[in-house]
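Per-entry structural report
The primary structure of each chain is shown beneath.
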Protein chains: 4
Amino acid sequence: MAYLGTPIVIDKLLYQPKNSLVNQSINARELEEPLNGDGFGIGWYVPEVYAEPVTFVSVSPAWSNRNLRNLAPKIRAHCFVAHVRAASVGEVSESNCHPFQYKNLLMMHNGGVENFARIKRKLREPLSDELYNWIKGQTDSEHLFAYFLNYLFDHHKTISPEAVIDAFEHTFMTLKKLMAENGIEEAAYLNMVVTNGLFTVGTRYNTSPGEPPLTLYHSEGSRYVVEDGISQMVAPEDDDHAVLVVSEKLTDDASWTLIPENHFVVVDPTLTVRIIPIKA
Amino acid sequence: MAYLGTPIVIDKLLYQPKNSLVNQSINARELEEPLNGDGFGIGWYVPEVYAEPVTFVSVSPAWSNRNLRNLAPKIRAHCFVAHVRAASVGEVSESNCHPFQYKNLLMMHNGGVENFARIKRKLREPLSDELYNWIKGQTDSEHLFAYFLNYLFDHHKTISPEAVIDAFEHTFMTLKKLMAENGIEEAAYLNMVVTNGLFTVGTRYNTSPGEPPLTLYHSEGSRYVVEDGISQMVAPEDDDHAVLVVSEKLTDDASWTLIPENHFVVVDPTLTVRIIPIKA
Amino acid sequence: MAYLGTPIVIDKLLYQPKNSLVNQSINARELEEPLNGDGFGIGWYVPEVYAEPVTFVSVSPAWSNRNLRNLAPKIRAHCFVAHVRAASVGEVSESNCHPFQYKNLLMMHNGGVENFARIKRKLREPLSDELYNWIKGQTDSEHLFAYFLNYLFDHHKTISPEAVIDAFEHTFMTLKKLMAENGIEEAAYLNMVVTNGLFTVGTRYNTSPGEPPLTLYHSEGSRYVVEDGISQMVAPEDDDHAVLVVSEKLTDDASWTLIPENHFVVVDPTLTVRIIPIKA
Amino acid sequence: MAYLGTPIVIDKLLYQPKNSLVNQSINARELEEPLNGDGFGIGWYVPEVYAEPVTFVSVSPAWSNRNLRNLAPKIRAHCFVAHVRAASVGEVSESNCHPFQYKNLLMMHNGGVENFARIKRKLREPLSDELYNWIKGQTDSEHLFAYFLNYLFDHHKTISPEAVIDAFEHTFMTLKKLMAENGIEEAAYLNMVVTNGLFTVGTRYNTSPGEPPLTLYHSEGSRYVVEDGISQMVAPEDDDHAVLVVSEKLTDDASWTLIPENHFVVVDPTLTVRIIPIKA
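Residues numbered from 1 in each chain as written. Chains lettered and ligands numbered in written order. Predicted model: local features only at pLDDT ≥ 70, side-chain atom pairs only at ≥ 80, totals over all residues. Heavy atoms only, no water.

So, about unusual backbone geometry. All names here are of chain A. The omega torsion across His 98 and Pro 99 is -5°, close enough to zero to call that bond cis. One non-glycine residue, Asn 115, lies in positive phi territory at about 55°. Tracing the sequence through the fold places Asn 115 in the loop between strand 6 (105-112) and helix 4 (117-124). (Helix = DSSP H or I, 4+ residues; strand = E, 2+ residues; numbered from the N terminus.)

Put into structure tokens, the structure is as follows:
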């Protein structure tokens, strides 16, 4: 989940909606293996205090974390991301929890690359010493983010949505090439989101076009409200505006737009939403 | 789950069966709320080294616990108990994890007492100072065990199955009385098991006979084997013998006997199984 | 440590001073047993978002906690408390970590009551059902706070510094009476602090006047600054004002005033500091 | 600490000696920075049940770990290792805790390589895919062990003390070469121990002969006893025999022999101790 817009108390996103992320951590309705109990993480930006975002991660399940429950009603942020994890690659450790943070960027990944061990070392080879040693865990997600960052900072002086799009496309193309060279035929699922607190870029991507990618939705409005357990975006009527990008719908209403397969969803600093094909 | 009999490598009970306790911790098939991710605990006896059993508990889910996975194939015990917890009363903390240990006794509880807070202080009042201060957590389970122990050691010099039966019946009667006096009308579910490493007494009990109690089964044979993912008790053919008492069947075969409502299941030191009505 | 005044980034208190609380957690210079590695907790008020403060606790040592290190430079608060724990009574669990929170009040305790188990049940007896069941852990600190709260809300409609002083004095008198009745002759050390985000009351108290109480200092100024590793209060020169109450000096300079034995230190909402004898 | 010999209850090594490892975790007397609170690990062999040893690790300090305290009096083993960690390189995570286990081998390391990040990727390059992906954490220790294992299994069909010696010498030579090539001039401290449950090889090694290496001792006798808080090896008088290799003396008596600088200590399956110069 990635929220950008009018500052919101994160409790409204984490706990109050019927299909909130914390509830998803117990029972994700649109996944085959419903449990996401292998840790969680949240990140939010506090531009009035510090340039880099706060990240808070834990290997204990989101639903029973005392600190998360205590924090959630008391944090208000304009940019907030949250992730629950079902371990696929890598142990259950804080180092493997999303979001991954590099300077002022946050990244989260839903999906995975089968047989990732076969290409891990090749993905690390081009990394700068700094990014090589920045990697703390074992996940495909963190390694792909390191590769993405290496390309991003090598090729772009300004970190704009277009720069992020370019780095994603390059990363996906490299991944496909490495997979082909190393006999990985299973589809890689790459629903990712990167934000710097000002804009957000999400991907709904699958290396094998025949296979259905994991879901990714967005919703926009003036504000996100929860009344009587029903949460929804309020239609724009004033200066407030907010956009939410999520792997699963938080509510059953019609306010969610499915991102098309192999497309980016870009939320610009003006909160304009663009849907752009992924060239990879 | 409580095992007594021919020494067994606990991995065979914890991980290998299709519906093993670790798998139950993800998806308990016979419960309404299927998740038991709020910690776990195991206990086993090592009479050749120490009079008191080993207990190992954790607030992290059983399925991702590195230490548990490493230990399980390497521990062989003749008496082994295991529990996964879905927090009802009490925080997720090690102090609230089952099994509870007092000297050489272990206790586990499946079920709960609604509105337990109303009677907690009354249940504590008759306790000896030692047992009053022995309580570390907030659960109904631990408080009931403390009350049980207080009565057991006050009234019995020898800890036999009969003494345990007497203490259980007294505890249940006191609980029903306190519930009635404090306006608790909801059924209390009290599937409990107590063992000293030599014998085991389990209860399948519900304070409101109309309501169905939680399930409790037993299975017996000469040995417990797992072959090609299928686990079962082998019919007695030699000196080996083993009895398993479980809240949920570990396999789909016919070897499981449901304990009748409001009955004890007693596994004697000779591994004889007795089914006895609970007078309470 | 309890800070009240001009909003401060908590990193300046937790990590930057030479003898900061995190460094104290490794080596507390004025204690006989220097290690405080049995968990920590922080609390801060966010009046613009929520009436109750945030608390964040952990059983892992403060010095290695990834979340604490990430949070500290990004939280700015006008009222902030922090505590590191060396377990005396009670297990190492989140339930035993300070600060203890009840509604909008936070409490921390440095010290302890020897043989507390002898009087625990007597201290619980007068508690309302709500406060009786509110207790989650086993510490003398939490039980004394529950007793304090029970008296405070029974006898005071408005929670002022004077009401807190009255409740502290009553609590200490009751404790001394219970200790005498139960043969506890060792001195009880009761350096405690209670805050509601608007004012703070600290105690430096010892039940046996002959024995030296644990240290408690305060420092005040316009702002707290850290330059080149040297931290100090800046002398008042403008509207800013801040008061710090600590168990150990954060720096070696002369800006720390030792609270006299058996006295309160009261920091009023206007940030005026009063030193008042404890009548108990 | 590495013990080999007559089966011993590990409590006698972990908790009972005055300067036991758990006490060392609070205050290691012979180190500049005395605290080892960043996790611990133990390993022991159970040849009657499983070919690979048990490892139990935790990121919480050894002194407050409830499971460790419960386990210690109830485990008896003929080969036991234990380690407490003060984080130098790598986060505080289970993946960074010693002992590291690969199949039936355990390895622990006391010391470190300054600026290890400069050579990490070069040390990984020659690794087999299996060992490359086997690495879970970020420590110099785990990477050096992976390099050691890669060489060991490439060059030796039988894992004997001589094979282990050869792999250590090759690893140290490679490390010195990489350090020189990458401008690392600080001494690397490499007190390591490897065991397979039958024999143990320890190193007391420093890449800069001028600098004093960290201490490493051994002690041998028929049995290890603790009486009235005093622990010692009993002189051989019967068939029992035991050897202990430790970084710090467990007691103040004269039974400890300091391993000379840049030497191996080899404990053979017959429990014979050999001191051999390290050629590297």
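We are not done yet, so read on.
This part covers the interface of chain C and chain A. In this assembly, 23 residues from chain C lie in contact with 23 residues from chain A. Roughly 2,000 Å² is buried in total at the junction of chain C and chain A, and carbon and sulfur atoms are behind 52% of that figure. Inspection of the region where chain C meets chain A yields zero salt bridges. Summed over the shared surface of chain C and chain A, the number is twelve residue pairs in polar contact (both at pLDDT 80 or more). Only strand 3 (54-58) and helix 3 (66-71) of chain C provide two or more residues apiece to the side of chain C that touches chain A. (Contact = heavy atoms within 4.5 Å. Buried area = accessible area lost by both parts, 1.4 Å probe. Salt bridge = Lys/Arg side-chain N within 4 Å of Asp/Glu carboxyl O. Polar contact = N/O pair within 3.5 Å; in protein donor to acceptor, adjacent residues only side chain to side chain.)

Let us now look at the sheet that holds strand 12 (residues 242-246) of chain D. Residues and elements named next belong to chain D. Spatial ordering of the open sheet is given by 3-2-4-1-12-9-13, a layout of seven strands whose pairing is antiparallel. Either end of the sheet is taken by a strand with one partner, and the two such strands are strand 3 (54-58) and strand 13 (257-258). Relative to strand 13, strand 9 (residues 217-221) runs antiparallel, the two being bridged by two bridges. Along strand 13, the bridge assignment pairs His 218 with Thr 257. (Pairing = 2+ DSSP bridges.)

Attention shifts here to the relation of the copies chain C and chain A. Overlaying chain C on chain A yields an RMSD of 0.0 Å, the required transformation being a rotation through 180° with an accompanying axial translation of 0.0 Å. Both chain copies can therefore be described as sitting about a two-fold axis. Interface overlap between copies: 100% of the residues of chain C at the interface are likewise at the interface in chain A, consistent with a symmetric, same-surface contact. (Least-squares fit on C-alpha atoms with pLDDT ≥ 70 in both.)

The next point concerns the environment of Lys103(A). All names here are of chain A. Inspection of the secondary structure assignment puts Lys 103 in the loop between strand 5 (100-102) and strand 6. Using a relative accessible area of 47% as the deciding quantity, one classes Lys 103 as partly exposed. Distance from Lys 103 to Pro 53, taken between C-alpha atoms, is 8.2 Å for residues 50 residues apart in sequence. Discounting chain neighbours no more than four positions away, the residues touching Lys 103 are Glu 52 and Pro 53. (Buried < 20%, exposed > 50% of the residue type's maximum accessible area, 1.4 Å probe, protein only.)

Any link to function would need more than the numbers given here.
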